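# Structure at a glance
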Amino acid sequence: MDMDKLVSLCKRRGFLFQSSEIYGGLNGFWDYGPLGVELKRNVREAWWQDMVRGHDDIDTLPGAPEPFEMTGLDCTIIMHPQVWKCSGHYDLFHDYMVDCRESKKRYRHDQVNGRWVEAKGKRIFVATQLGGDDALGETQQRALKFFNLRTKDAEQLQWQGPIVSLTKVSDFQHVLGPDAKEIGTLTEPREFNLMFKTYVGALSGEEGAAFLRPETAQGIFVNFKNVLDSSRVRVPFGIAQMGKSFRNEITPRNFTFRSREFEQMEIEFFCHPQASPEWYKFWRDRRYAWYLKLGLAGDRLRLRDHDQDELSHYSVGTADIEYAFPFLPPGEFGELEGIAHRGDFDLRSHMEGKLVRKGDELVVELDEDGKPRHRGSGKDLSYRDDITNERYIPHVIEPSAGADRATLAFMCQAYTEDEAPDENGKMQSRVVMKLHPRLAPIKAAVFPLVKKDGMPEVAQDIYKSLKKRFNAFYDEKGAVGRRYRRQDEAGTPYCITVDGQTLTDQTVTVRDRDSLKQWRVKVDECVEEIARLIESGGAGIE
Ligand code: ATP
């Protein structure tokens, strides 16, 4: 699928707009339009319903070691600055960046690739932000330009080795930056904290400094005791939260994939340390299955276990659920969700202070005077099992998803070009968003075939009854074929048409977006029919 086509559909039909577009936009920030807001809301609601509200606390789910409880939270975006010091974000949450003195652009060090080439007695590293085959083509073009060679002289370029990351290069004097004309314009990599800083109240200076949260997870850890004391949950249980997070990403890109303001859907699942490997596996598989159920295809979705050297300093195991986004080079996948075994790192950090690994142990990091570098809350965040009387700090499994990345993946998967018959039965090409009915922004559209003979009145009554249950749309303008096509682009799974026959036998046609099948349903059974189809996962009748 061509990403440009999806991007233009998103703007044309109101899924996504650039933030503050009339002022030229703001890089890394996106607004959801009338269709997009419904789609993203449905993604979040599907997650909340399937993981929290609809969760069965009584029976053992397939693959789970035992029954467990789920509950929710909604914490503030700005929290006590100590939270980020103990969580490690204050010290560790940075990327390395390089600036280009010539183009004034800034790049993430690990996202610049390139290759060494020699020509006319000079050896340079040609850099690009592209990857895979795109990077090969781009570096070739730029090398020809740099050395003032024509395409037919390409054999004068002596390439030395494959495309590698800029992180493998130490000699920046000979690097041709991704947007530069001269070599040696990139600065040495510099650290850059990804947290947005702000100031609370009238206090000026560092006393009032605070951060916008870079993840929702920490709000859950610092409320662990509150949840235990106020609800009667017992380990194993999970606390879920969704909400905005902010990261001052150096190079936001790929549409909403890497934004500076985005929404997360996170679960912290607390369990007994000994049972944690089993729970880790359960959540990994369960979260993968969730995306499949909502329509992401198996060949474009994968579950990838991290290598040992990729794991965070506290993690026993981490897996990513990844999707082959169309803007990535063939064979590359982008992270949709990470499922991490975090041990007792977070609860202990908020009790004792920021931890560091020493050999096999996690110990409180000390400053030059031997005092904790970042002091914890000093509160007891352990758990006592009221049946066995055992006291311990629970281990945590964290499935951490991004609502915007999931929404983008569902849109990429849904975008389809095929053919559908027009009102004369002639096949015409169409663009159709084959979104899962649960996710579709509009569940059903109602059309009177013509604007007379009492058809609009019947159609409007159906529309009003539908509206009480779902998002429905009423349209009486233009040829019915065009109305269908507009709904296909919006991803509406069902269209209901009131026609001449309706007035004699009180039936309407229901048209299925994907199979294009049409069948008749009684007017007063229409709402139930649509509800049944949406709940059963859609796709018409056989
Ligand atoms: P990446 O390596 O892509 O920067 P990450 O590993 O830092 O992501 P996590 O900290 O694990 O991401 O965050 C959990 C989830 O939050 C990610 O899987 C992703 O869905 C979402 N997310 C993180 N950063 C962004 C962002 N800048 N824009 C949109 N979504 C994001």
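Going by the structure above, here's the rest.
Below is a short write-up of the structure. These figures come from a predicted structure and were not determined experimentally.

Conventions we followed
Residues numbered from 1 in each chain as written. Predicted model: local features only at pLDDT ≥ 70, side-chain atom pairs only at ≥ 80, totals over all residues. Heavy atoms only, no water. Phe/Tyr/Trp six-rings, centres within 6.5 Å; stacked < 30°, edge-to-face > 60°. Buried < 20%, exposed > 50% of the residue type's maximum accessible area, 1.4 Å probe, protein only. Helix = DSSP H or I, 4+ residues; strand = E, 2+ residues; numbered from the N terminus. Pairing = 2+ DSSP bridges. Disulfide = S-S within 2.5 Å. Near = heavy atom within 4 Å. Polar contact = N/O pair within 3.5 Å; in protein donor to acceptor, adjacent residues only side chain to side chain. Areas by Shrake-Rupley, 256 points an atom, 1.4 Å probe, with all protein chains shown as cover. Nonpolar A, V, L, I, M, F, W, Y, C, P; charged D, E, K, R; others polar. Axes fitted to C-alpha atoms, helices over the stretch in contact; angles between N-to-C directions.

## Considering the packing of aromatic side chains
By the definition in use, this model includes 27 aromatic pairs. Ring geometry for Trp47 against Trp48: centres 6.1 Å apart, planes inclined by 45°, an arrangement best described as tilted. A relative accessible area of 17% means that Trp48 is categorised as buried. Ring plane angle 85° and centroid distance 5.4 Å describe the contact between Phe68 and Trp279, whose orientation is recorded as edge-to-face.

## Examining the pairing of strand β17 (residues 334-343)
Of all 10 residues making up β17, nine are buried, and the element is well covered by its neighbours. When strand β16 (residues 317-323) meets β17, the two strands line up antiparallel, connected through seven bridges. Bridge pairing in β17 places Ile321 opposite Glu337. Strand direction decides the pairing type here: β17 and strand β22 (residues 395-402), joined by six bridges, are antiparallel. Within β22, the position partnered with His341 by the bridge is Ile397.

## A closer look at the state of the cysteines
Counted according to the given criterion, the structure contains zero disulfides. Free cysteine: Cys75, not disulfide-bonded; nearest cysteine sulfur from Cys86 at 16 Å. The buried category is assigned to Cys75, whose relative accessible area is 14%. Left without a disulfide partner, Cys526 is nearest to the cysteine sulfur of Cys495, which lies 12 Å away.

## What to know about the site of the ligand
Not every one of the 15 residues close to the ligand is listed here, only the nearest: Arg247, Glu249, Arg258, Ser259 and Glu335. Here a nitrogen atom of the ligand sits 2.8 Å away from a polar atom, N or O, in the side chain of Glu249. Arg258 is positioned with one of its side-chain polar atoms (N or O) 2.7 Å from an oxygen atom of the ligand. When the ligand sits alone it has 590 Å² of accessible area, and the protein chains cover 80% of it. At the level of secondary structure, the elements contributing two or more residues to the shell around the ligand comprise β14 (261-271), β17 and β22. By residue class, the composition of the shell around the ligand is four nonpolar, five polar and six charged.

## Quick look at helix α12 (residues 480-490)
Most of α12 is tucked away, with nine of its 11 residues classed as buried. For α12, every residue scored as buried is listed here: Val480, Gly481, Arg483, Tyr484, Arg485, Gln487, Asp488, Glu489 and Ala490. At the exit of α12 stands Gly491, carrying a positive phi of roughly 85°.

## Things to note about the sheet that holds strand β5 (residues 106-108)
Within the open sheet, the three strands sit side by side as β5-β4-β10. Their pairing is antiparallel. A strand with exactly one partner marks an edge of an open sheet, and here the two such strands are β5 and β10 (190-193). Going across the sheet, the axis of each strand differs from the next one's by a mean of 45°, ignoring polarity. Taken together, the three bridges between strand β4 (residues 94-99) and β5 define a ladder with antiparallel strand orientation. What sits directly across from Val98, in β5, is Tyr107.

## Re the pairing of β16
By the criterion of burial, β16 is predominantly enclosed, with seven of the seven residues buried. The alternating pattern of β16 places Gly317, Ala319, Ile321 and Tyr323 and Thr318, Asp320 and Glu322 on opposite faces, both of which are buried. Sheet topology places strand β15 (residues 301-305) next to β16; five bridges connect them, and they run antiparallel. The residue bridging Asp305 from the neighbouring strand is Ala319, located in β16.

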